[in-house]
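Here is how the chains run, residue by residue.
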Amino acid sequence: MDQMPEDDYNERPLTACPVCSAEVDLSWAEVGERVVCTVCGAGMLVVSLEPPEVEAEEE
Ligand SMILES: [Zn+2]
């Protein structure tokens, strides 16, 4: 097996989209910031980075 740089992935703050459960990368996000799911386009609010957690945005 080749060596995989999995550590980089594990250190990324990934969470799941509250709408479609797609992975949402919070690497560049800050608490209180609004992020948009790249899969379904739903807006969500970053409530925590450790652990990475988002809250569905009310529309
Ligand atoms: Zn989504």
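Residues numbered from 1 in each chain as written. Predicted model: local features only at pLDDT ≥ 70, side-chain atom pairs only at ≥ 80, totals over all residues.

### Some words on the sheet that holds strand β3 (residues 34-36)
Each strand in a sheet pairs with another by means of backbone hydrogen bonds, the pair being arranged parallel or else antiparallel.
Alright, step 1. Pairing is antiparallel in the open sheet, where 3 strands are placed in the order β3-β4-β5. In this open sheet, the two edge strands, each paired with only one partner strand, are β3 and β5 (52-56). Looking at each pair of strands side by side, their axes are set apart by 45° on average, direction ignored.
Alright, step 2. Note: β3 against strand β4 (residues 43-49), 3 bridges, orientation antiparallel. Note on β4: the bridge partner recorded for Arg34 is Leu45. (Pairing = 2+ DSSP bridges. Helix = DSSP H or I, 4+ residues; strand = E, 2+ residues; numbered from the N terminus. Axes fitted to C-alpha atoms, helices over the stretch in contact; angles between N-to-C directions.)

### Remarks on the nonpolar core
Alright, step 1. Core analysis: the largest hydrophobic core is formed by 7 residues, namely Cys17, Val24, Val35, Cys37, Met44, Val46 and Val54.
Alright, step 2. Residues within four places of Val54 in sequence aside, it is in contact with Thr15, Pro18, Val24, Val35, Met44, Leu45, Val46 and Val47. (Core = buried A, V, L, I, M, F, W, Y, C linked by C-beta atoms within 7 Å. Buried ≥ 20, exposed ≤ 12 C-beta atoms within 10 Å, placed from the backbone. Contact = placed C-beta atoms within 7 Å.)

### Some thoughts on the environment of Val19
Alright, step 1. Position of Val19 relative to the elements: it lies in the loop between β1 (14-16) and β2 (23-25).
Alright, step 2. Under the C-beta neighbour-count criterion, Val19 is labelled partly exposed, with 15 such atoms within 10 Å.
Alright, step 3. What Val19 contacts, discounting residues up to four positions off in sequence, is Cys37, Cys40, Ala42 and Ala56.

### Brief notes about the pairing of β5
Alright, step 1. Sheet analysis places β4 next to β5, joined by 5 bridges and oriented antiparallel. Along β5, the bridge assignment pairs Met44 with Ala56.
Alright, step 2. Counted between consecutive antiparallel strands, the loop separating β4 from β5 contains 2 residues.

### Looking at the confidence of the model for the protein
Alright, step 1. Averaged over all residues, the pLDDT of the protein is 88; the fraction at 70 or higher stands at 81%.
Alright, step 2. Looking at the elements of the protein, mean pLDDT is at its lowest for helix α1 (residues 6-10), recorded as 60, and at its highest for β4, recorded as 97. (pLDDT = per-residue confidence, 0-100.)

### A word on the environment of Val39
Alright, step 1. Looking at the secondary structure, you find Val39 in the loop between β3 and β4.
Alright, step 2. With 13 C-beta atoms packed within 10 Å, Val39 lands in the partly exposed category.
Alright, step 3. Taking C-alpha positions, Val39 is 8.8 Å from Glu23, a pair spaced 16 residues apart along the chain.
Alright, step 4. Val39 has contacts with Cys17, Cys20 and Ala22, leaving out every residue within four places of it along the chain.

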